Amino acid sequence: MGNFRFHQYQVVGRALPTPSDEHPKIYRMKLWATNEVRAKSKFWYFLRKLKKVKKSNGQVLAINEIFERKPTKIKNYGIWLRYQSRTGYHNMYKEYRDTTLNGAVEQMYNEMASRHRVRHHCIQIIKTATIPAKLCKRESTKQFHDSKIKFPLVLKKVRPPTRKLKTTYKASRPNLFM
Amino acid sequence: MPFKRYVEIGRVALVNYGKDYGRLVVIVDVIDQNRALVDAPDMVRGQMNFKRLSLTDIKIDIPRLPKKKSLIAAMEATDVKNKWENSSWGRKLIVQKRRASLNDFDRFKVMLARIKRGGAIQQELAKLKKQNAS
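Residues numbered from 1 in each chain as written. Chains lettered and ligands numbered in written order. Predicted model: local features only at pLDDT ≥ 70, side-chain atom pairs only at ≥ 80, totals over all residues. Heavy atoms only, no water.

Explanation requested: the overall build of chain B in the structure shown.
The helix and strand inventory of chain B stands at four helices and six strands. Ordered by position from the N terminus, the helices and strands of chain B form the series β-β-β-β-β-β-α-α-α-α. Here the C-alpha atoms of chain B give a radius of gyration of 22 Å, more than 25% beyond the 14 Å that 2.2 N^0.38 yields for 134 residues. The principal-axis extent of the C-alpha atoms belonging to chain B is close to 70 × 40 × 30 Å. Relative to its 134 residues, chain B shows a buried fraction of 35%. The long-range fraction of contacts in chain B, counting pairs at least 24 apart against all pairs at least 6 apart in sequence, stands at 47%. (Helix = DSSP H or I, 4+ residues; strand = E, 2+ residues; numbered from the N terminus. Rg over C-alpha atoms; globule rule 2.2 N^0.38 Å. Buried < 20%, exposed > 50% of the residue type's maximum accessible area, 1.4 Å probe, protein only. Contact = heavy atoms within 4.5 Å.)

Written out as structure tokens, the structure reads:
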């Protein structure tokens, strides 16, 4: 399971009650952030864009971290995102195969950074969903939908089992054949 | 030269890096190009990078994502533990572990045993030399 850089939080908040509006509507958002403080800040950022409420005249009612329900089950995740490139904003749909949603989101952030040079603060996750195998669109995820999957590992990279045993020079060249 | 050991469901692999170093695990499913879902009778099913796995010759017959009970039953049926301990790779690891756990007295005993063995070999060699010379 491991520690993820991005955690999923559920933030619930509303505007502060005023004499004219005793029971303001309560809004709930699920978002990804590295910690709770950032999650609350993100919540207000998005809510400001959707409703006429700010952190100064609102309150966060609850913030909970959402954990993966079945981390031993492999799922195909589809992530819809909006990102800012050097020339403008674009939407994207990406698919990942992973055991947890946090893992898939972390894969997405890493892939966007490497493939498109988009830093994480320029990415907004619109929607995530687990996709059943029939509805996957990308060949790179569909190629693993094989119940009799079989492939060889081509290169046998010999690694010292701990970093302590690492040496700069070796007496002989390693044999990479499996 | 074709490949002989494939990553497939039921392949037994040895973990060669990390926290679970030295453990025998079974590949239960493939997540993507670099990772597999692995399982062993005494651990929670988890993902592992192929770089941390060394594939062995042993393969057990399981469907994709078996329940823990059927995994243990299949491992008993193909007798993974005995096959591993009788294979040359498995035996080497057992010997390495034994040698690493020797204390000073054990190492002294090993030294005496080696001298004795060397003496016996030299005697036989001397006999054969004498036979050859005559």
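Hey, could you run me through the overall build of chain A in this one?
A tally of regular secondary structure across chain A gives three helices and seven strands. Starting at the N terminus and ending at the C terminus, chain A contains elements arranged as β-β-α-β-β-β-α-β-α-β. For 178 residues, the compact-globule estimate of 2.2 N^0.38 gives 16 Å, and chain A exceeds it by more than 25% at 22 Å. A burial count over chain A gives 34% of its 178 residues as buried. For chain A, the proportion of contacts with a sequence separation of at least 24, taken over those separated by at least 6, is 59%. As displayed, chain A offers around 12400 Å² of accessible surface, 52% of which is attributable to carbon and sulfur atoms. (Areas by Shrake-Rupley, 256 points an atom, 1.4 Å probe, with all protein chains shown as cover.)

Mind showing me how you'd approach the UniProt feature "domain: Large ribosomal subunit protein eL14" (unreviewed entry) in chain B here?
UniProt records the feature "domain: Large ribosomal subunit protein eL14" (unreviewed entry) for residues 45–117 of chain B in the present numbering. Summarising residues 45–117 of chain B: 60% helix, 16% strand, and an end-to-end C-alpha distance of 47 Å. (UniProt positions renumbered as here; feature names shortened; annotations may be inferred.)

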